[in-house]
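Working through the structure, step by step
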Amino acid sequence: MKKLLAILLALCVVGVAFAEDAAPALKWSGYLDTGIAYNVVGSADGTLGLDGDDSGTTSRLNLNASYTNENVGLVLRYRTTGDFSSGTPVSFLKRGYVWGTMFNGMAKVVAGKLGDYTWSTAANDFGHIDSGITGVQLQIMPVAGLNFGFFLPAADTAVLAEDAFKDIKLGAAYDMDGIGGFRAGIDLSPVADSAYAWFGAEITAVENFAFYFDYAGTDLGNDVTGDTYLFQEIDYTMDALNVGIDLEQQFWAVDDSPIYLSFGPYASYAMDKITLGGDFTYYMTTETDLVDSFNGMYIHPYAKYAVGTGAVIELGRRHHRVEARPGIDVAADQRGLAVGVL
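Keep in mind it's a predicted model, so treat the numbers as computed, not measured.

Some details on the pattern of salt bridges
- According to the stated counting rule, one finds four salt bridges in the structure shown.
- One salt bridge connects Asp130 with Lys94, and the closest N-O pair in it is separated by 3.8 Å. In this pair, Asp130 sits in the loop between strand E6 (107-113) and strand E7 (134-140) while Lys94 sits in strand E5 (residues 90-102), placing the two residues 36 residues apart along the sequence. With respect to class, Asp130 is no different from Lys94; both count as buried.

So this is what it looks like as structure tokens:
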């Protein structure tokens, strides 16, 4: 890993050297996500610490490098993440893949440790290929706006081909100018009743207005662990003002399970380099014979200051979506203050 980091740093130096090129084949970038947070959980005493130090978030540093030569390319992402204040962060290769296009751009092959969101939904990233997954992806683009294909994860050499293809992911994306975009797919599994499916739509036909709808179904066919997730969001922008609301519903296949619901309006106002905003979310589950109902709310005000291109200092509380599970109590919401560089 140290050798890889040295290579990435060398690529960064070369990228600076060719910065005057109008269209450089080699590009590099970085991303630092960290901060100081003061958190209160329930009635416990508040704690102050760096992200990853019992703050409910994790510090993260990315170093990215990409190389493109006409219709082939290479992408690398090296990540350091964890609790920086204790001196025990973890470094690893997050992404490392090659890609190539053929048939006048009508097909694309990607191989390696991928980071691809071509077939994923815009609001929830359902259907993405990331998180250190290694394999081969084929994208077919026969007409403008349409992209479909499959992803085959790398399997042990002892696995039979017929079994390997039981773990394939099929995905599709279609974008229409002036209308919006649509995403759908299914992630098969060699384990019975554990396939995963998703669908998403982003409608942008009305100027400054966007509507999102997402569906995800996990463990399809499993009447114990299977669940259905629905998400809707309405977003409207008027000059410097942005307002919206998102709704979430979650249903479980198991009999006599609760239903999770949430309601979350949000707003922000941009003033030159400063943006002020916040969101309020109320969540609840229905009561059943086996599980008591619970409800709660959290409020996240924030302020952002644009230091420069790609650099933002944020003062506020990061949004953490609460996920309910049948028979599992959800801890009290964490409240606090965070300062970070994004």
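A short note on the pairing of strand E8 (residues 146-153)
- By the bridge criterion, six bridges tie E7 to E8 in an arrangement that is antiparallel. By the bridge assignment for E8, Gly135 is matched with Pro153.
- The pairing of E8 with strand E9 (residues 169-176) spans six bridges and is classified as antiparallel. For Asn147, the partnering residue across the bridge sits in E9 and is Ala173.

Things to note about unusual backbone geometry
- A positive phi angle, near 55°, is found at Phe103, a position not held by glycine.
- Positionally, Phe103 belongs in the loop between E5 and E6.
- Exposure remark for Phe103: the relative accessible area of 61% places this residue in the exposed category.

So, the side chain of Asp214
- By secondary structure assignment, the location of Asp214 is in strand E12 (residues 209-220).
- One buried charge, Asp214, has no salt-bridge partner; the nearest side chain with opposite charge is Arg183, at 9.3 Å.
- A distance of 3.2 Å separates the side chain of Asp214 from the side chain of Thr121, its partner in a polar contact.
- Polar side-chain contacts of Asp214 include one of 2.7 Å to the side chain of Asn124.
- Those residues in contact with Asp214 that lie beyond four places of it in its chain are Thr121, Ala123, Asn124, Phe126, Phe199, Gly200, Ala201, Tyr229, Leu230 and Phe231.

Things to note about the packing of aromatic side chains
- Within the structure shown, the criterion is met by three aromatic pairs.
- Taking the centre distance of 5.5 Å and the plane angle of 80° together, the rings of Phe126 and Tyr229 count as edge-to-face. Note that Phe126 is positioned in the loop between E6 and E7 and Tyr229 in strand E13 (residues 227-238), a separation of 103 residues in sequence. Grouping residues by exposure puts Phe126 and Tyr229 together as buried.

Brief notes about the confidence of the model for the protein chain
- Taken residue by residue, the protein chain gives an average pLDDT of 78. The fraction at 70 or more is 73%.
- This stretch, residues 1-22, has a pLDDT under 50; its non-local contacts, to residues over four places away or in other chains, come to 24 contacts.

Here is what the cut-offs are and how they apply
Residues numbered from 1 in each chain as written. Predicted model: local features only at pLDDT ≥ 70, side-chain atom pairs only at ≥ 80, totals over all residues. Heavy atoms only, no water. Salt bridge = Lys/Arg side-chain N within 4 Å of Asp/Glu carboxyl O. Helix = DSSP H or I, 4+ residues; strand = E, 2+ residues; numbered from the N terminus. Buried < 20%, exposed > 50% of the residue type's maximum accessible area, 1.4 Å probe, protein only. Pairing = 2+ DSSP bridges. Lys, Arg positive; Asp, Glu negative; His and termini not counted. Polar contact = N/O pair within 3.5 Å; in protein donor to acceptor, adjacent residues only side chain to side chain. Contact = heavy atoms within 4.5 Å. Phe/Tyr/Trp six-rings, centres within 6.5 Å; stacked < 30°, edge-to-face > 60°. pLDDT = per-residue confidence, 0-100.

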